[in-house]
Amino acid sequence: MTSHQTAQTMKPATAAKKLGVYLEATPAEFQEGVVSRTELNALQTDPPEWLRELRRTGPHPRPVIAAKLGISISGLARGGITEALTTEQIEALKQEDPEWLQKERATQAEVRKETVRIKEKNAEKAAKADRSDS
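Residues numbered from 1 in each chain as written. Predicted model: local features only at pLDDT ≥ 70, side-chain atom pairs only at ≥ 80, totals over all residues. Heavy atoms only, no water.

Chemist: Explain the overall build of the protein to me, please; I cannot follow it from the model alone.
Modeler: The helix and strand inventory of the protein stands at eight helices and two strands. When the helices and strands of the protein are listed from N to C terminus, the series reads β-α-α-β-α-α-α-α-α-α. Taking 2.2 N^0.38 as the reference for a compact globule, 134 residues should give roughly 14 Å; the C-alpha atoms of the protein span a radius of gyration of 21 Å, well beyond that estimate. Viewed in the frame of its principal axes, the protein has a C-alpha envelope of about 60 × 55 × 25 Å. Counting all 134 residues of the protein, 26% fall into the buried class. Long-range pairs, those at least 24 residues apart, make up 54% of the contacts in the protein with a sequence separation of at least 6. Carbon and sulfur atoms form 52% of the exposed surface of the protein, whose accessible area is close to 9500 Å². (Helix = DSSP H or I, 4+ residues; strand = E, 2+ residues; numbered from the N terminus. Rg over C-alpha atoms; globule rule 2.2 N^0.38 Å. Buried < 20%, exposed > 50% of the residue type's maximum accessible area, 1.4 Å probe, protein only. Contact = heavy atoms within 4.5 Å. Areas by Shrake-Rupley, 256 points an atom, 1.4 Å probe, with all protein chains shown as cover.)

This is the structure:
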């Protein structure tokens, strides 16, 4: 009995998420098909022009927008950003630097500081536990 391996496939939405692009901005053949793991790897290692252009100019999905602005996805929603934005729109928003964006950046900075503090505290606890076990 021979077992032949079937290619692992994913929905276009999953592939777009993994590629960091906005699904609705991808070509129709990408949106309508399925993407195999091999195809996804090929897109990541040698992106076609449409993918390079999308990554460069957008429109971008919310996780990419949030990262480019230095805030959380929740912060985007609190700021009223619910749609995909182009790189140009993101840059304009950075230039405007509205109050909500300043506030969200400050919040994100606090979250990062707290994450580091907790990580250091846990590392200290682990080191103490290792010393007491010896």
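Chemist: Please clarify how the packing of helix α1 (residues 12–19) against helix α3 (residues 37–45) should be interpreted in this entry.
Modeler: Pairs of packed helices are described in terms of their axes, by the angle between the two and the distance that separates them. Look at α1 against α3: their axes get within 11 Å of each other, and the N-to-C directions meet at 30°. Compared by their axis directions, α1 and α3 come out roughly parallel. Once α1 is placed against α3, the crossing between them reads as right-handed. Contacts from Ala15, Lys18 and Leu19 of α1 reach α3 at Arg37, Leu40, Leu43 and Gln44. The class makeup of the residues in the contact of α1 with α3 is four nonpolar, one polar and two charged. (Axes fitted to C-alpha atoms, helices over the stretch in contact; angles between N-to-C directions. Parallel < 35°, antiparallel > 145°, perpendicular 65-115°, else oblique. Left-handed = near helix turned anticlockwise from the far one by under 90°. Nonpolar A, V, L, I, M, F, W, Y, C, P; charged D, E, K, R; others polar.)

Chemist: I tried to follow unusual backbone geometry on my own but got confused; where do I start?
Modeler: Negative phi values dominate among residues other than glycine, just as trans dominates among peptide bonds. Proline 59 follows glycine 58 through a cis peptide bond whose omega is 10°. Mapped onto the secondary structure, proline 59 falls in the loop between α4 (49–57) and α5 (62–69). In this structure, aspartate 97 is a non-glycine residue whose phi angle is positive, near 45°.

Chemist: I tried to follow the pattern of salt bridges on my own but got confused; where do I start?
Modeler: Close approach of charged atoms allows side chains with opposite charge to pair. Taken as a whole, this structure holds eight salt bridges when the rule is applied. Residue arginine 117 is joined to glutamate 114 by a salt bridge in which the shortest nitrogen-to-oxygen separation is 2.7 Å. One end of the pair is arginine 117 and the other is glutamate 114, both in helix α8 (residues 99–133) and three residues apart, which spans about a single turn. (Salt bridge = Lys/Arg side-chain N within 4 Å of Asp/Glu carboxyl O.)

Chemist: In this structure, what is going on with the packing of α5 against helix α7 (residues 87–96)? I would like to understand it.
Modeler: Look at α5 against α7: their axes get within 10 Å of each other, and the N-to-C directions meet at 35°. Between α5 and α7 lies a crossing of right-handed hand. On α7, the residues touching Ile65, Lys68 and Leu69 of α5 are Ile90, Leu93 and Lys94. Tallied by class, residues from the contact of α5 with α7 come to four nonpolar, no polar and two charged.

Chemist: What is the right way to look at the side chain of glutamine 108 in this model?
Modeler: Along the chain, glutamine 108 falls in helix α8. For glutamine 108, the contacting residues outside a window of four places in its chain are Gly70, Ile71 and Ser72.

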